[in-house]
Amino acid sequence: MLTTLQTAYSDTRAADLAWTLGREPLPALAALDLQLGGAELQLRLLGASHQVLLQEDGRTCSETVACMPGSSTPLPLGVAKRLGDWEYEFAARVETLTQGQFAGRAQELLALVSDHPHGLAGTFPGSPYAFTALLAQRIEGQVRWRTWHAYPQEGQLVVTRTRVGVRIPAPVL
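Remember, predicted model here, so these are calculated numbers, not experimental data. (Residues numbered from 1 in each chain as written. Predicted model: local features only at pLDDT ≥ 70, side-chain atom pairs only at ≥ 80, totals over all residues. Heavy atoms only, no water.)

Points about the overall build of the protein chain
- Tallying secondary structure elements over the protein chain gives one helix and twelve strands in all.
- Element order for the protein chain, N to C, with α for helix and β for strand: β-β-β-β-β-β-β-β-α-β-β-β-β.
- Expected size for 173 residues packed as a compact globule is a radius of gyration near 16 Å; at 16 Å, the protein chain falls within 12% of this value.
- Among the 173 residues that make up the protein chain, the fraction classed as buried is 47%.
- When contacts within the protein chain are restricted to residue pairs at least 6 apart in sequence, long-range pairs at least 24 apart make up 57% of them.
- On the protein chain, roughly 8700 Å² of surface is accessible, and the fraction owed to carbon and sulfur atoms is 53%. (Helix = DSSP H or I, 4+ residues; strand = E, 2+ residues; numbered from the N terminus. Rg over C-alpha atoms; globule rule 2.2 N^0.38 Å. Buried < 20%, exposed > 50% of the residue type's maximum accessible area, 1.4 Å probe, protein only. Contact = heavy atoms within 4.5 Å. Areas by Shrake-Rupley, 256 points an atom, 1.4 Å probe, with all protein chains shown as cover.)

Side note on the packing of aromatic side chains
- Scanning all chains against the criterion turns up two aromatic pairs.
- For the ring pair Trp19 and Tyr88, a centre distance of 6.2 Å and an interplane angle of 35 degrees mean the geometry is tilted. Taken together, the residues span a long stretch of sequence, with Trp19 in strand β2 (residues 18-21) and Tyr88 in strand β8 (residues 86-96) at a distance of 69 residues.
- A residue is classified by how much of its surface remains accessible, and Trp19, at 16% relative accessible area, is buried.
- A residue is classified by how much of its surface remains accessible, and Tyr88, at 0% relative accessible area, is buried.
- Ring centres of Trp19 and Phe90 lie 5.9 Å apart, and the angle between their planes is 35 degrees; on these two criteria the pair is classed as tilted. Linking Trp19 in strand β2 with Phe90 in strand β8, this pair joins segments that are 71 residues apart in sequence. Of the two residues, Trp19 and Phe90, both sit in the buried class. (Phe/Tyr/Trp six-rings, centres within 6.5 Å; stacked < 30°, edge-to-face > 60°.)

Section: the sheet that holds β2
- On the basis of which strands lie adjacent, the open sheet formed by five strands has the order β2-β6-β5-β4-β3 and antiparallel pairing. Each edge of the sheet is formed by a strand with only one pairing partner; in this case those strands are β2 and β3 (30-36). Each strand of the sheet is rotated relative to its neighbour by a mean of 10 degrees, with strand direction disregarded.
- Strand direction decides the pairing type here: strand β5 (residues 50-56) and strand β6 (residues 59-66), joined by seven bridges, are antiparallel. Residue pairing in the sheet places His50 in a bridge with Val65 of β6. (Pairing = 2+ DSSP bridges. Axes fitted to C-alpha atoms, helices over the stretch in contact; angles between N-to-C directions.)

Some points on the nonpolar core
- Grouped together as the largest cluster of nonpolar side chains are 33 residues, with contacts concentrated most on Leu41, Leu43, Leu54, Leu75, Phe90 and Trp145.
- With near-sequence residues (within four places) excluded, Leu43 lies in contact with Ala30, Ala31, Leu32, Leu34, Gln51, Val52, His118, Leu120, Leu134 and Ala136.
- Core analysis: the second largest hydrophobic core is formed by 13 residues, Phe102, Ala106, Leu135 and Trp148 among them. (Core = buried A, V, L, I, M, F, W, Y, C linked by side-chain atoms within 4.5 Å.)

Quick notes on the sheet that holds β8
- Overall, mixed pairing links the seven strands, which are arranged β1-β9-β10-β11-β12-β8-β7 in an open sheet. Each edge of the sheet is formed by a strand with only one pairing partner; in this case those strands are β1 (2-4) and β7 (78-83). On average, adjacent strands in this sheet sit at an angle of 15 degrees to one another, irrespective of strand direction.
- Here six bridges tie β7 to β8, and the two strands are oriented antiparallel to one another.

Put into structure tokens, the structure is as follows:
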């Protein structure tokens, strides 16, 4: 699903993004509710940021990546945590692209996410390549999502990957 977010695009920077786990739901500009197996997942666009809310069998997980006032903690490259009997893994990277590369990558990602039944993308008025996008899936009993936060004024794309689920034991040989 592709939507135009009814808010002005502010010149936030990729370096201003922060990560939190367990935050209460924040006001969303757009949301997509999904059923993935027995999991209820809500993808939420918060402007130049995202929040994902996951609930399954009485367990919950809330991930927020946003420019949060008062937060000086930078976006981590990786996080691994236990959430009860779930394992949570998060990874982030920043891609710096030329103007031409950025435009091509933005078009490719927006097409991928907007045409996917488990995808949500929001573009900002004033810049065709200013967007936030999320894409979710369920693989082998685990819920996974990817996100992209575009900063065309910097030529930067923040890419995240998250995996949540019960640990899959290694096969016994």
